[in-house]
Amino acid sequence: MIISWNTTWECHLKCKHCYRDAGAKREDELSTAEGKKLIDEIAQAGFKILILSGGEPLLREDIFELTAHAKAVGLRPVFGTTGTTITPEIAEKLKEAGALCIGISLDSIHPEIHDEFRQVPGSWQAAVDGMKNCQAVGLPFQIHTTVVDKNYHEFEAITDFAVEVGAVAHHVFFLVPTGRALDMEAEALREKQYEQLLHRILKKQREVPIELKPTCAPQFMRIARQMGMEMRFSRGCLAGTAYCCILPNGEVHPCPYLPKKVGSVKEQPFTEIWRTAEMFNQFRSDQFGGKCGTCNHKDVCSGCRARAYYYSDGDVMAEDPWCLYRRGRANEACCP
């Protein structure tokens with residue numbers, strides 16, 4: 001079981017696709033004491049991996065204290081970060097605090113494309129420097145790439161770059177229109193591209209020694225099954241079943257891309273929210289609508305609940321609109 005805590009809204013970049021619409025720190029963010037209490041409850045609920053993200057989590061002054069506390073209560077603390085603030089000193093502090101892996105965003109092998117996406121010049125080089133600083137202290141890191149029309153063709157090159165710089169994994173994020181990404185909806189991959197890229201990712205997985213994982217694209221589990229590939233994952237979309245997200249102010253959401261509050265840790269223990277939230281129990285029922293409800297691969301996929309929510313005008317149990325298999329047309333994209 002894995003959980004994301006968006007530790008702050010504060011961020012020094014202005015990424016076009018930011019699901020949290022990050023920028024300035026807000027007064028209602030969880031305090032250090034509230035954060036430690038949350039971490040205790042996350043461990044009590046049976047979660048194993050805690051993703052500390054943001055905003056930019058490394059801008060929180062207490063982030064090393066929170067990381068150490070997570071490690072002390074038996075969690076595996078990992079990070080989702082821009083990587084741009086990871087100096088040699090920060091890398092050493094992260095390792096000493098108990099961070100186990102650092103996810104660093106890189107959206108192109110071309111600095112100008114990445115910098116335009118992140119809207120701050122020098123972001124690409126700063127992220128790569130952050131990777132090198134992690135590697136220098138023996139702190140594992142992986143690369144996170146958000147794919148849209150403009151960098152769709154670059155996936156294999158970014159994976160090769162990840163191998164070259166010593167990353168342990170390359171995770172590919174498929175755009176879901178939420179936060180600032182609402183303004184980029186037209187750049188999100190559509191059905192055929194979506195299916196083609198999943199095939200490309202799994203094909204590339206057979207060629208490289210690092211882990212490749214699509215995110216917000218649960219159909220990869222169906223395709224892996226069809227290709228006879230063994231995966232360490234049990235299910236594509238984990239929202240509400242083995243995953244959820246905590247916002248900086250303590251609100252609990254099913255995932256970072258599905259903006260529906262199911263509770264608040266300031267009002268109720270997280271353990272209770274995880275056990276009793278109505279939406280979580282909906283997801284655990286597997287009673288999905290449309291083709292997702294009758295699909296013979298729903299046990300390993302279940303469709304992207306965030307994408308279903310957006311494209312159905314709010315129905316979290318609707319079918320995932322970008323799945324070709326549900327229309328019987330998946331073979332169209334098998335040979336990109």
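Use the structure listed above.
Cut-off values and rules
- Residues numbered from 1 in each chain as written.
- Predicted model: local features only at pLDDT ≥ 70, side-chain atom pairs only at ≥ 80, totals over all residues.
- Heavy atoms only, no water.
- 1 Å grid on protein atoms, 1.4 Å probe; cavity = no way out; pocket = protein on both sides within 12 Å on 5 of 7 lines; lining within 4 Å.
- Points joined across faces, edges and corners; volume = space filled by probe spheres on them.
- Helix = DSSP H or I, 4+ residues; strand = E, 2+ residues; numbered from the N terminus.
- Nonpolar A, V, L, I, M, F, W, Y, C, P; charged D, E, K, R; others polar.
- Buried < 20%, exposed > 50% of the residue type's maximum accessible area, 1.4 Å probe, protein only.
- Contact = heavy atoms within 4.5 Å.
- Polar contact = N/O pair within 3.5 Å; in protein donor to acceptor, adjacent residues only side chain to side chain.
- Core = buried A, V, L, I, M, F, W, Y, C linked by side-chain atoms within 4.5 Å.
- Salt bridge = Lys/Arg side-chain N within 4 Å of Asp/Glu carboxyl O.

Q: Where do I start with empty space enclosed by the protein in this structure?
A: The method is simple in principle: a probe with the dimensions of a water molecule rolls over the atoms, and the space it marks as empty is what remains. All told, the structure shown has one cavity of 30 Å³ or more when counted by the stated rule. Estimated volume of the largest cavity: approximately 110 Å³. Taken together, 13 residues line the largest cavity, and the ones lying closest to its centre are Cys292, Cys295, Cys301, Gly303 and Cys323. Secondary-structure elements contributing two or more residues to the lining of the largest cavity are helix H8 (219-227) and helix H11 (290-294). Looking at side-chain class alone, the lining of the largest cavity contains five nonpolar, four polar and four charged residues.

Q: Is there a simple way to explain the environment of lysine 16 in this structure?
A: Counting through the fold element by element, lysine 16 comes out in the loop between strand E1 (2-6) and helix H1 (32-44). What makes lysine 16 partly exposed here is its relative accessible area of 26%. Sequence separation between lysine 16 and alanine 318 is 302 residues, and the spatial gap between their C-alpha atoms is 27 Å. Setting aside its immediate chain neighbours within four residues, lysine 16 contacts Glu116, Phe117, Gln119, Arg180, Ala181 and Met184.

Q: It is not clear to me how the side chain of glutamine 196 should be interpreted in this structure. Could you clarify?
A: Position of glutamine 196 among the secondary structure elements: in helix H7 (residues 191-205). A polar contact is formed between the side chain of glutamine 196 and the side chain of tyrosine 152, at a distance of 3.0 Å.

Q: Any chance you could explain the nonpolar core here in plain terms?
A: Soluble, globular proteins show a tendency: their nonpolar side chains are buried together. In this structure, Ile102, Phe174 and Phe270 are the most contacted members of the largest nonpolar core, which totals 91 residues. Beyond its immediate sequence surroundings of up to four residues, phenylalanine 270 is in contact with Ile3, Leu38, Glu41, Ile42, Ala45, Phe47, Cys244, Ile246, Val252 and Val265. Counting six residues, the second largest nonpolar core, distinct from the first, contains Val148, Ala181, Met184 and Ala188.

Q: Got a minute to help me understand the pattern of salt bridges in this structure?
A: Evaluated as defined, the whole model comprises 16 salt bridges. Between aspartate 21 and arginine 180 there is a salt bridge; the shortest N-O distance is 2.8 Å. Here aspartate 21, found in the loop between E1 and H1, pairs with arginine 180, found in the loop between strand E6 (169-174) and H7; they are 159 residues apart in sequence, far enough to count as distant. In this structure aspartate 21 comes out as partly exposed when scored by relative accessible area, which is 42%. Judged by relative accessible area, which is 18%, arginine 180 ranks as buried. Residues glutamate 116 and lysine 150 are paired through a salt bridge, measuring 3.0 Å at the closest nitrogen-oxygen approach. With glutamate 116 in helix H4 (residues 111-118) and lysine 150 in the loop between strand E5 (141-147) and helix H6 (155-165), this pair connects stretches of sequence that are 34 residues apart. The exposure class of glutamate 116 is partly exposed, given its relative accessible area of 34%.

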